[in-house]
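Residue strings, one per chain:
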Amino acid sequence: MKEKNLKYDDALKRLEELSVQMEQGNISIDDMSECMKEAQQLVAYCRQRLADADARCNALLES
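Residues numbered from 1 in each chain as written. Predicted model: local features only at pLDDT ≥ 70, side-chain atom pairs only at ≥ 80, totals over all residues. Heavy atoms only, no water.

Notes on the overall build of the protein chain
- Each helix and strand counted, the protein chain has two helices and zero strands in total.
- Taking 11 Å as the expected radius of gyration for a compact globule of 63 residues, we find that the protein chain reaches 15 Å, considerably beyond that expectation.
- Counting only C-alpha atoms, the protein chain reaches 50 × 20 × 15 Å along its principal axes.
- Split into buried and exposed, the 63 residues of the protein chain put 17% on the buried side.
- Expressed as a percentage of contacts within the protein chain between residues at least 6 apart in sequence, the contacts between residues at least 24 apart total 70%.
- Carbon and sulfur atoms form 51% of the exposed surface of the protein chain, whose accessible area is close to 5200 Å².
- A gap of 6 Å separates the mean positions of the 9 positive and 13 negative side-chain charges of the protein chain. (Helix = DSSP H or I, 4+ residues; strand = E, 2+ residues; numbered from the N terminus. Rg over C-alpha atoms; globule rule 2.2 N^0.38 Å. Buried < 20%, exposed > 50% of the residue type's maximum accessible area, 1.4 Å probe, protein only. Contact = heavy atoms within 4.5 Å. Areas by Shrake-Rupley, 256 points an atom, 1.4 Å probe, with all protein chains shown as cover. Lys, Arg positive; Asp, Glu negative; His and termini not counted. Charge placed at Lys NZ, Arg CZ, Asp CG, Glu CD.)

Below is the structure:
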């Protein structure tokens, strides 16, 4: 995953793609493992982006 220029919406879209791929169940265990690893990274990235946005909004509301 390349976080440098990744937008939140793109990360969310990729998470949805990975979810569909894993739900279909027609991938190998190795590929499933890679999908899970990428999904975990994307979830962490999205959580951080949301936390950052929340902090910025709170700062604006307090000023």
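A short note on helix α2 (residues 29-62)
- Over its 34 residues, α2 runs 49 Å from end to end, which matches the ideal 50 Å to within 8%, given 1.5 Å per residue.
- Packed against the buried residues of α2 are α1 (8-24). (Expected span 1.5 Å × (residues − 1).)

Overview of the pattern of salt bridges
- Scanning the model with the defined rule gives two salt bridges in all.
- Between R14 and E17 there is a salt bridge, and its shortest N-O distance comes to 3.3 Å. You can see R14 and its partner E17 sitting in helix α1, three residues apart, about one turn around the helix.
- Take E17: its relative accessible area is 38%, and that puts it in the partly exposed class.
- Here E38 ties to R14 by a salt bridge, and the two come within 2.9 Å at their closest N and O atoms. One end of the pair, E38, is in helix α2; the other, R14, is in helix α1, with 24 residues separating them in the sequence. (Salt bridge = Lys/Arg side-chain N within 4 Å of Asp/Glu carboxyl O.)

Regarding the packing of α1 against α2
- In contact at an axis separation of 9 Å, α1 and α2 are set at 150° when each is read in the N-to-C sense. It follows that α1 is roughly antiparallel to α2 by the angle criterion. Viewed along their axes, α1 and α2 form a crossing whose handedness is left-handed. When α1 is examined against α2, the residues Y8, A11, L12, R14, L15, L18, Q21 and M22 are found in contact with a partner set consisting of M32, C35, M36, E38, A39, L42, V43, Y45, C46, R49 and L50.
- Of the residues in the contact of α1 with α2, the class split is 15 nonpolar, one polar and three charged. (Axes fitted to C-alpha atoms, helices over the stretch in contact; angles between N-to-C directions. Parallel < 35°, antiparallel > 145°, perpendicular 65-115°, else oblique. Left-handed = near helix turned anticlockwise from the far one by under 90°. Nonpolar A, V, L, I, M, F, W, Y, C, P; charged D, E, K, R; others polar.)

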